[in-house]
Amino acid sequence: MSIVLHELTDGEVRLLCLLFPHLAGLDLARVEEVGGGVKFVARTGHGPVACWECGQSSARVHERYRRHLQDLACGGRPVRVELEVRRLICDNAACRVRTFAEQVDGLTARHQRRTAGLRGVLERVALALVGRAGARLARVLGTVVSRCTLIRLIRALPDPEIGPVTVLGVDDWAKRRGHSYASVLVNMDDHHVIDILPDREADTFAEWLRQHPGVQIICRDRGGSYSWGGRAGAPEAQQVADRWHMWDDLGEYVKKTVAAHLGCVKDHYAALKRAALDQAPDPHHTAEQVIAEHAENRARVVRSRERYEQVQALKAEGRSQAAIQRELRLAPMTVRRYYHATNVDELVAGSLAGWPSILDHYKPYLHERWNQGCTNITQLHREIKTQGFRGGYATIYAYLAPFKGKTAPPAVPAPPKVRQITSWIRRRPDNLDPGEQLKLKEVQTACLHLDSLRGHVAEFAKMLTGRHGEHLDDWIAAVRADDLPHLHAFANGLQRDHDAVLAGLTLPYSSGAVEGAVCKIKFWKRVMFGRANLDLMRKVALWN
């Protein structure tokens, strides 16, 4: 049921054209209220119209018919436009189109039942949220649309024009982590994604470069496929290796070097511990015994001993591992470990004092406070809890009880872990607190190889941040002169990619914008629950 409000006066028509610019130029007949919404009734003019196929103008009318268009909501009320348009006859005998419908700029389009303004809004909603989330937002905006329609709108968008590209950035991203990958191409001049390739193969990248000549600089990571593809598709382009990737690769080799020489550090701390025991052997030795006894009685150790006895008893009866697993309701790998263990010590060795204690980091503080006269263990427990200790009172009591009435020996902290040493070596010296600087000096004193490693990393960092590529060959020669095999492998990789690395350490270009584009793609993957096909992901990336 529709209610005709009234026929429109000239002033009202002008006002409506100001509120709805896309209705200007139409013959507005009336406004109707239909089911809580508003409907405009209008018709087109009488001038000639160009054929959409051949472009020749025609004014010969074949017929008139009505189009019903959904428009942008106004005041929270849905708006519809009932438009009477003409179907005209094309006078061009060579044109394959005999009749065509006229279109109104900014209002109609071929085969569309929505106005151009509403379609544009829905396209932006679809690009931002896609699927169900976009459909919910569209409903708030006064338009009922399904998630599948929004996805179809995205897929119907044309590819943006690429245009000339002089500085190109390329990187890969995971369509499905560990299984399939794609490549993102970014125009580094305006940081816009210009294309998505279906894989990260060299041939695919090379073919794209051949189809889009004019690329002068290629910013990439250290991956070999983009290097080979760049040389094949654009041999005259200058390749630039990204500085962040070089620093990240160096970190992996630093970690391997630290792990290889961690024994020197542990030996150094073991010597310090023996020296501390020699100064006051009795209290400290007693403390170690208390800790060992406490570990022996831990629930995990008791449970492991019971399980070992049960598994071995069933094994003696001739039961198979599968039968033991079903009866004791244990995991297959757990049954296998207990089944093949020669004695229980193999299973509980890690649960005893051999594991680093969570108290190791706080022992120097506890010894210092104890020797200052604070022998209240409850108070000491509260103090180290404020420093981050997560253990219980019993752990501290078992460690400090043997010191009652005595002076605590000098405490030796536990040896630092590989990731801690790696972090100290890679960070700026002024970003280390005094305690970390002291520990790093201890590590460098304990192992001359790590001392040399620290020097090489510092020099590479200066070369990286200051873009002093002219020192690259000297740095590689200095690394090869030292006995650091893992760092030699890193230097050999730089030498193989020498031109791109030299450009990365000299030119101001980097792949930062490409990494940002990859992060955005990951965000859209999460928005679409990781279920979007590559064609949909490509459209979203190109239009956002």
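Residues numbered from 1 in each chain as written. Predicted model: local features only at pLDDT ≥ 70, side-chain atom pairs only at ≥ 80, totals over all residues. Heavy atoms only, no water.

### Observations regarding the packing of aromatic side chains
Point 1. Per the counting criterion, the structure on display carries 7 aromatic pairs.
Point 2. Centroid distance F460 to F490: 5.7 Å. Interplanar angle 75°. Geometry classified as edge-to-face. Here the residue F460 occupies a position in helix α19 (residues 448–466), and F490 occupies one in helix α21 (residues 485–496), the gap between them amounting to 30 residues. In this structure, F460 and F490 share a single accessibility class: buried.
Point 3. Plain terms: the ring middles of W475 and F490 are 6.1 Å apart, the flat faces sit at 90° to each other, and that makes the pair edge-to-face. Of the two residues, W475 sits in helix α20 (residues 472–481) while F490 sits in helix α21, which places them 15 residues apart along the sequence.
Point 4. On the basis of relative accessible area, W475 is assigned to the buried category, the value being 6%. (Phe/Tyr/Trp six-rings, centres within 6.5 Å; stacked < 30°, edge-to-face > 60°. Helix = DSSP H or I, 4+ residues; strand = E, 2+ residues; numbered from the N terminus. Buried < 20%, exposed > 50% of the residue type's maximum accessible area, 1.4 Å probe, protein only.)

### Quick look at the side chain of S511
Point 1. As for its position among the elements, S511 is in the loop between α22 (498–504) and α23 (512–527).
Point 2. The class for S511 is buried, based on a relative accessible area of 2%.
Point 3. Residues contacting S511, with those up to four places away along its chain left out, are M188, C219, R220 and D242. (Contact = heavy atoms within 4.5 Å.)

### Looking at a positive patch on the surface
Point 1. On the surface, R132, R136, R139, R147 and R531 cluster together to form a positively charged patch.
Point 2. Summarising the element assignment, R147 is placed in helix α4 (residues 147–156).
Point 3. Classification of R147 by relative accessible area gives partly exposed; the value is 35%. (Patch = residues over 30% accessible without salt bridge, like charges linked within 9 Å, V, L, I, M, F, W, Y side chains within 5 Å. Areas by Shrake-Rupley, 256 points an atom, 1.4 Å probe, with all protein chains shown as cover. Salt bridge = Lys/Arg side-chain N within 4 Å of Asp/Glu carboxyl O. Lys, Arg positive; Asp, Glu negative; His and termini not counted. Charge placed at Lys NZ, Arg CZ, Asp CG, Glu CD.)

### Some details on the pattern of salt bridges
Point 1. Counting across every chain of the model gives 26 salt bridges.
Point 2. A salt bridge links D535 to R155, with the shortest nitrogen-to-oxygen separation between them at 2.6 Å. Taken as a pair, D535 in helix α24 (residues 534–543) and R155 in helix α4 lie far apart in primary sequence, 380 residues in all.
Point 3. Linking D172 and R200 is a salt bridge whose minimum nitrogen-to-oxygen distance equals 2.6 Å. Here D172 is found in strand β9 (residues 167–176), whereas its partner R200 is found in the loop between β11 (192–197) and α5 (202–211), with 28 residues between them in sequence.
Point 4. Residues participating in the shared-partner salt-bridge network are R30, E32, K39, R43, R64, R66, E82 and E84.

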